[in-house]
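# Results of the structural survey
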Amino acid sequence: MTHDMNVQSHDRPSKPIHLAGQEAMSAGDAAIECMKQYAQERPEVVTLWAFGIGFVLGWKLKPW
């Protein structure tokens, strides 16, 4: 069984995050920008996490 070394790893984003040109950003703004970039690169992961969090919150906070 051979392993192809040219296959991209799905554990790392395909592009590096560049926030160096925006020194005036607060930590919260920088985190939001990183999340937006990650959501553009991996929308299926973000969608599944949002669904899972919504499911758990809806289950735990139901009124009856």
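The rules behind the values
Per chain, the residues get numbers from 1 upward, laid out in the order the sequence is written. Reporting of local features is limited, given that this is a predicted model, to residues whose pLDDT is at least 70; pairs of side-chain atoms are given and counted only at 80 or more, and all residues count toward the totals for whole chains, interfaces and linings. Each side-chain value is derived from all of the structure's non-hydrogen atoms; neither hydrogens nor water enter the calculation. Salt bridge, as applied in this entry: a Lys or Arg side-chain nitrogen positioned within 4 Å of an Asp or Glu carboxyl oxygen. Only DSSP runs of H or I covering at least 4 residues are called helices, and only runs of E covering at least 2 are called strands; the numbering of each starts at the N terminus. Three exposure classes are used, based on accessible area relative to the maximum for each residue type with a 1.4 Å probe and protein chains only: buried under 20%, partly exposed in between, and exposed over 50%. Ring pairs are drawn from Phe, Tyr and Trp, using the six-membered ring of Trp, whenever the two centres fall within 6.5 Å, and their geometry is named by plane angle: stacked under 30 degrees, edge-to-face over 60, tilted for the rest. The rule is short: NZ of Lys or CZ of Arg within 6 Å of the ring centre and within 35 degrees of the ring normal puts a charge over the ring.

### Here's the deal with the pattern of salt bridges
Taken as a whole, this structure holds two salt bridges when the rule is applied. Residues E33 and K36 are paired through a salt bridge, measuring 3.9 Å at the closest nitrogen-oxygen approach. With a gap of three residues between them, E33 and K36 both fall in helix α1 (residues 27–41), about one helical turn apart. When its relative accessible area of 32% is taken as the criterion, E33 is described as partly exposed. The partly exposed category is assigned to K36, whose relative accessible area is 48%. Between R42 and E44 there is a salt bridge, with the nearest N and O atoms lying 3.7 Å from each other. Residue E44 is classed as partly exposed on the basis of its relative accessible area of 44%.

### Considering the packing of aromatic side chains
If you walk through the whole model with that rule in mind, you get one aromatic pair. Ring centres of F51 and F55 lie 6.4 Å apart, and the angle between their planes is 25 degrees; on these two criteria the pair is classed as stacked. Here F55 and F51 lie together in helix α2 (residues 43–60), a separation of four residues that amounts to about one turn. On the basis of relative accessible area, F51 is assigned to the exposed category, the value being 61%. Over the face of the ring belonging to W59 we find K60, whose NZ or CZ atom lies 4.5 Å from the ring centre.

By themselves, these observations are geometric and do not establish any function.
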